Amino acid sequence: MILDNGRIHHAAQVKAYLQVHKRLQFVFLPKYSPDLNFEGLWKWLKSDVVHNVFYKKFYHIRINVAAFMNRVNTRPMVVIDRLCIRM
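Residues numbered from 1 in each chain as written. Predicted model: local features only at pLDDT ≥ 70, side-chain atom pairs only at ≥ 80, totals over all residues. Heavy atoms only, no water.

## Here we look at the confidence of the model for the protein
- Overall, the prediction assigns the protein a mean pLDDT of 85, with 93% of residues at 70 or greater.
- The least confident element of the protein, judged by mean pLDDT, is strand E1 (residues 2-3) at 80; the most confident is helix H3 (residues 58-74) at 93. (pLDDT = per-residue confidence, 0-100. Helix = DSSP H or I, 4+ residues; strand = E, 2+ residues; numbered from the N terminus.)

Shown next as structure tokens:
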């Protein structure tokens, strides 16, 4: 899981949880790196997949999130244009 360096992500309870669940690994983004921030991706996903939509079954959400991620992964320049900070 990719995370920012928020203090909550380094809490003792989180570290204890990771010791028990070894399959989960955290990768922390460097501090002060807004160009690597993924918040925009989640906002984009929310607006495209779940905003003003009612899904009767949870797996329908999963299907639509997977389709969104496939679109994102196959069109990297669209992602860069939408999410990157231009200087």
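Back to the text.
## Details of the packing of aromatic side chains
- The tally for this structure, following the rule as stated, stands at 2 aromatic pairs.
- Taking the centre distance of 6.0 Å and the plane angle of 90° together, the rings of Phe26 and Phe28 count as edge-to-face.
- Relative to Phe68, the ring of Trp44 lies with its centre 5.4 Å away and its plane at 90°, an arrangement referred to as edge-to-face. Within this pair, whereas Trp44 is found in helix H2 (residues 39-50), its partner Phe68 is found in helix H3, the two being separated by 24 residues in sequence. (Phe/Tyr/Trp six-rings, centres within 6.5 Å; stacked < 30°, edge-to-face > 60°.)

## Here's the deal with the nonpolar core
- Among the nonpolar cores identified, the biggest contains 8 residues, and these are Leu41, Trp44, Leu45, Val49, Tyr55, Phe68, Val72 and Val79.
- Elements represented by at least two residues in this core include exactly H2 and H3.
- With 4 residues, H2 is the largest single contributor of residues to this core.
- If we ignore the near neighbours within four places in the chain, the residues touching Leu41 are Phe68, Met69, Val72 and Leu83. (Core = buried A, V, L, I, M, F, W, Y, C linked by side-chain atoms within 4.5 Å. Buried < 20%, exposed > 50% of the residue type's maximum accessible area, 1.4 Å probe, protein only. Contact = heavy atoms within 4.5 Å.)

## Quick word on the packing of H2 against H3
- For the pair H2 and H3, interaxial distance at closest approach is 10 Å and the crossing angle is 125°. By the angle between their axes, H2 is oblique relative to H3. Read as a crossing pair, H2 and H3 show a hand that is right-handed. The residues of H3 that touch H2, namely those facing Leu41, Trp44, Leu45, Asp48, Val49 and Val50, are Ile61, Asn64, Val65, Phe68, Met69, Arg71 and Val72.
- Residues of the contact of H2 with H3, tallied by class, amount to 10 nonpolar, 1 polar and 2 charged. (Axes fitted to C-alpha atoms, helices over the stretch in contact; angles between N-to-C directions. Parallel < 35°, antiparallel > 145°, perpendicular 65-115°, else oblique. Left-handed = near helix turned anticlockwise from the far one by under 90°. Nonpolar A, V, L, I, M, F, W, Y, C, P; charged D, E, K, R; others polar.)

## Brief notes about the environment of Ala11
- With respect to the helices and strands, the residue Ala11 is situated in the loop between E1 and helix H1 (12-20).
- Along the backbone, Ala11 and Gly40 are 29 residues apart, and their C-alpha atoms lie at a distance of 25 Å.

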